[in-house]
Amino acid sequence: MLNPRKGDMYKFVYYTWNPIKGKCLHDCSYCYMKQINPNANPPRLAEYELNTDLGCGRSIFIGSSTDMFAKDISSKWIDRVLDYCHQNSNVLLPNAYLLQSKNPKRFLEFINHPIMERVVFCTTIETNCFYPEIMNNAPKIGERVEAMEEIASLERSTMVTAEPLMQFDHEEMASFIRKCKPKLVNIGRNSCRRIVLPEPTQEEVQQLIAELKSFAKVNVKDNALEWCK
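Structure report, in brief. (Residues numbered from 1 in each chain as written. Predicted model: local features only at pLDDT ≥ 70, side-chain atom pairs only at ≥ 80, totals over all residues. Heavy atoms only, no water.)

### Points about the overall build of the protein chain
When helices and strands are counted, the protein chain shows 6 helices and 10 strands. At 17 Å, the protein chain has a C-alpha radius of gyration in line with the 17 Å of a compact globule built from 229 residues. On the principal axes, the C-alpha backbone points of the protein chain span a range of 50 × 40 × 30 Å. Counting only residues that meet the buried cut, the protein chain has 51% of its 229 residues in that class. In the protein chain, of all internal contacts separated by at least 6 residues, the share reaching a separation of at least 24 is 75%. (Helix = DSSP H or I, 4+ residues; strand = E, 2+ residues; numbered from the N terminus. Rg over C-alpha atoms; globule rule 2.2 N^0.38 Å. Buried < 20%, exposed > 50% of the residue type's maximum accessible area, 1.4 Å probe, protein only. Contact = heavy atoms within 4.5 Å.)

Now the structure itself:
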């Protein structure tokens, strides 16, 4: 079923839909889903979700609760989800979709699917560094950037979320995000305060935001507004 956007979600998203469920295989330490359901089952395609009324003219985030493009997710599952979106698309008033992954190179596996013309492709760049004890199985930042560059070169709409924003080197961080050619950059803070992350200073965040605004729209989520005071 479609779920109305809740909490500090992206403001342009009105619904979330999670046809692929279960534990995210990237296993990032700060993942909010791990706090909600620490004993989640392995990933699976929920067949009943493929009867969902997607409606028309809606903005839907597909896969908000697990990364459905993680390396070990079945391509057949992803194809079935994308096919369902396409087959249930309203020609006169189509939906717009957000797909977000820390493994954006898998977007390229499906880039020619017809529904992808209605998609904004998003990846997470929470820092330019790689903290293996925090990011665990997630692809390295440089790999994400390389894939997003290729997607942008195909003139597809891209977005970057820097959440939870962690300590970064300003020059490389700004360069990484610029290479993705995002129309929107989302800035967010760690929402699970029980998990301690290496955070930037207020001044560093403000300097980064100022540079990002030179080439993209920047949205600062409510949980990060204190950095902007």
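Let us keep going from here.
### Some words on helix α4 (residues 141-153)
Between its first and last C-alpha, α4 extends 18 Å over 13 residues, near the 18 Å set by a 1.5 Å rise per residue. Within the sequence span of α4, burial applies to I141, R144, V145, A147, M148, I151 and A152. Taken down its axis, α4 places every buried residue within 165° of arc, on the same side. Exposed residues on α4 whose side chains face more than 90 degrees from its buried face are E146 and S153. (Expected span 1.5 Å × (residues − 1). Arc of directions from axis to C-beta.)

### Considerations on the side chain of T127
Tracing the backbone shows T127 in the loop between β7 (119-124) and α3 (132-135). Of note is the side chain of T127, whose polar atom sits 3.0 Å from the backbone nitrogen of C129. In contact with T127, other than residues within four places in its own chain, are M135, I141, M166, Q167, F168 and M173. (Polar contact = N/O pair within 3.5 Å; in protein donor to acceptor, adjacent residues only side chain to side chain.)

### Let's talk about the layout of surface pockets
Empty space within the largest pocket amounts to approximately 1,300 Å³. What lines the largest pocket is a set of 49 residues, and nearest its centre among them are C31, Y32, M33, S64 and S65. For the lining of the largest pocket, the element with the most residues is helix α1 (residues 32-36), which contributes 4 residues. Across the lining of the largest pocket, the residue classes tally to 15 nonpolar, 20 polar and 14 charged. (1 Å grid on protein atoms, 1.4 Å probe; cavity = no way out; pocket = protein on both sides within 12 Å on 5 of 7 lines; lining within 4 Å. Points joined across faces, edges and corners; volume = space filled by probe spheres on them. Nonpolar A, V, L, I, M, F, W, Y, C, P; charged D, E, K, R; others polar.)

### Things to note about the sheet that holds strand β9 (residues 184-187)
The strand order across the open sheet formed by 8 strands is β1-β2-β5-β6-β7-β8-β9-β10, and the pairing between neighbours is mixed. Looking at strand neighbours, the two that pair on one side only are β1 (3-4) and β10 (217-220), the edges of this open sheet. Sheet topology places strand β6 (residues 96-100) next to β7; 4 bridges connect them, and they run parallel. Along β7, the bridge assignment pairs L98 with V120. (Pairing = 2+ DSSP bridges.)

### Structural notes on the nonpolar core
Grouped together as the largest cluster of nonpolar side chains are 59 residues, with contacts concentrated most on W17, I62, L165 and I187. With 5 residues, the top contributor of residues to this core is helix α2 (residues 75-87). Ignoring anything within four residues of it in the chain, the contact list for I62 reads W17, P19, M68, V81, C85, Y97, L98 and L99. Residues Y10, V13, L98 and L184 belong to the second largest nonpolar core, which totals 8 residues. (Core = buried A, V, L, I, M, F, W, Y, C linked by side-chain atoms within 4.5 Å.)

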